[in-house]
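Tertiary structure, described
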Amino acid sequence: MSAKRKSGKNIPGAKAAPPADKAQPAGTAADIKKQGQESAGSEISRRTIYFMMLGFAALVLLVAMIVAADNRKDWTASINHYSLAQVQIGEGDYAKGLETLQGLSESYQASSSAQLLMGTCYAGMAEEAKAAEQTQEAQADMQLAAQHLDRARAANFQLVQSQGYVNGYGKIMLELGRYEVAQQYFLQSVALNTYPELTEFAQENIETIKTLTEGGTANE
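As the structure is a computational prediction, the values presented were derived from the model and not from experiment.

The next subject is helix H9 (residues 196-213). Look at H9: 26 Å from first C-alpha to last across 18 residues, which is about the 26 Å you get at 1.5 Å a residue. Of the positions making up H9, those classed as buried are Leu198, Thr199, Phe201, Ala202, Asn205, Ile206, Ile209 and Thr213. Down the axis of H9, the sector holding all buried residues measures 155°, keeping them to one side. What points out from H9, more than 90 degrees from its buried face, is the exposed set Pro196 and Thr211.

Here you go:
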């Protein structure tokens, strides 16, 4: 998780305009800083969009699960765990989020919502391991991510209509080198076209797959 940046205090402007020879250039320090932040934000969005959208899909499923809950005490404990896990995942603390989700009762852990979030945690941990050049750990965690997303889909097949889910699953398949499966899911995302930014994400990954498989054979 990246450290939070401290925002600087605004300095009140002078009432009189500065002399012509000391006038601020068109690209002020504030403008440059803003452009840098926008660029960094765009890069972060590209890398984490499928994690966030998997979490969004899980939240939608959680609402349905809450409506059907019978045991109010169990529901209260579960919603607290889910809420905390959502915060931890949002902060990029995937290991802690997974630990929190594993504190759910066995029946709630088996829910599509919990499985979806657990898959998100493992995918995030895989990305961290990959960045640290821990290839074996990254592949193992990504395999676990795929398993949890499979279980989530088995528990609620409507997930295939969630653009966040199909993007996330497609990205995981891409990371595992299963290019044909990944492409199928990204094409499904383009067909759904629920969110323009997710459609663009899918299209970019389709192009990536074409580049990776050019002159070769995609994995099944």
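Here the focus is the packing of aromatic side chains. In the structure shown here, the tally under the stated rule is three aromatic pairs. Plain terms: the ring middles of Tyr165 and Tyr169 are 5.9 Å apart, the flat faces sit at 20° to each other, and that makes the pair stacked. Note that Tyr165 and Tyr169 are positioned in helix H7 (residues 163-175) at a spacing of four residues, about one turn of the helix. A relative accessible area of 0% means that Tyr165 is categorised as buried. Each ring, one from Phe186 and one from Phe201, has its centre 6.4 Å from the other, and the planes form 70°; the classification is edge-to-face. Of the two residues, Phe186 sits in helix H8 (residues 179-192) while Phe201 sits in helix H9, which places them 15 residues apart along the sequence. Residue Phe186 shares its accessibility class with Phe201, and that shared class is buried.

Time to look at the nonpolar core. Counting residues in each nonpolar core, the largest one holds 39 residues, and the members touching the most others are Leu101, Tyr165, Tyr169, Ile172, Met173 and Phe186. Of all the secondary-structure elements, those providing two or more residues to this core are helix H2 (72-90), helix H3 (94-101), helix H5 (112-131), helix H6 (135-155), H7, H8 and H9. Setting aside its immediate chain neighbours within four residues, Phe186 contacts Asn167, Gly170, Lys171, Leu174, Phe201, Ala202, Asn205, Ile206 and Ile209.

Looking at the chain as a whole, its pLDDT mean stands at 75, while 63% of the residues score no less than 70. Here helix H1 (residues 29-68) stands out as the least confident element of the chain, with mean pLDDT 52; H8 is the most confident, with 96. Low pLDDT, under 50, characterises residues 1-46; the predicted model gives this stretch nine contacts beyond four residues in sequence or across chains.

Here H7 spans 18 Å end to end across 13 residues, near enough to the 18 Å set by a 1.5 Å rise per residue. In terms of burial, H7 is largely enclosed, as 13 of its 13 residues are buried. Phi turns positive, to about 80°, at Gly177, one or two residues after H7.

Looking now at the side chain of Thr100. Within the element layout of this structure, Thr100 appears in helix H3. Thr100 gets classed as buried once you look at its relative accessible area, which sits at 10%. Among all residues touching Thr100, those that are not within four sequence positions of it are His81, Leu84, Ala85 and Gln88.

Our next topic: the side chain of His148. Considering the arrangement of structural elements, one finds His148 in helix H6. Here the side chain of His148 touches Gln115 through a polar contact of 2.6 Å, side chain to side chain. When sequence neighbours within four positions are dropped, the list of residues in contact with His148 reads Gln115, Met118, Gly119 and Tyr122.

Calculation criteria
- Residues numbered from 1 in each chain as written.
- Predicted model: local features only at pLDDT ≥ 70, side-chain atom pairs only at ≥ 80, totals over all residues.
- Heavy atoms only, no water.
- Helix = DSSP H or I, 4+ residues; strand = E, 2+ residues; numbered from the N terminus.
- Expected span 1.5 Å × (residues − 1).
- Buried < 20%, exposed > 50% of the residue type's maximum accessible area, 1.4 Å probe, protein only.
- Arc of directions from axis to C-beta.
- Phe/Tyr/Trp six-rings, centres within 6.5 Å; stacked < 30°, edge-to-face > 60°.
- Core = buried A, V, L, I, M, F, W, Y, C linked by side-chain atoms within 4.5 Å.
- Contact = heavy atoms within 4.5 Å.
- pLDDT = per-residue confidence, 0-100.
- Polar contact = N/O pair within 3.5 Å; in protein donor to acceptor, adjacent residues only side chain to side chain.

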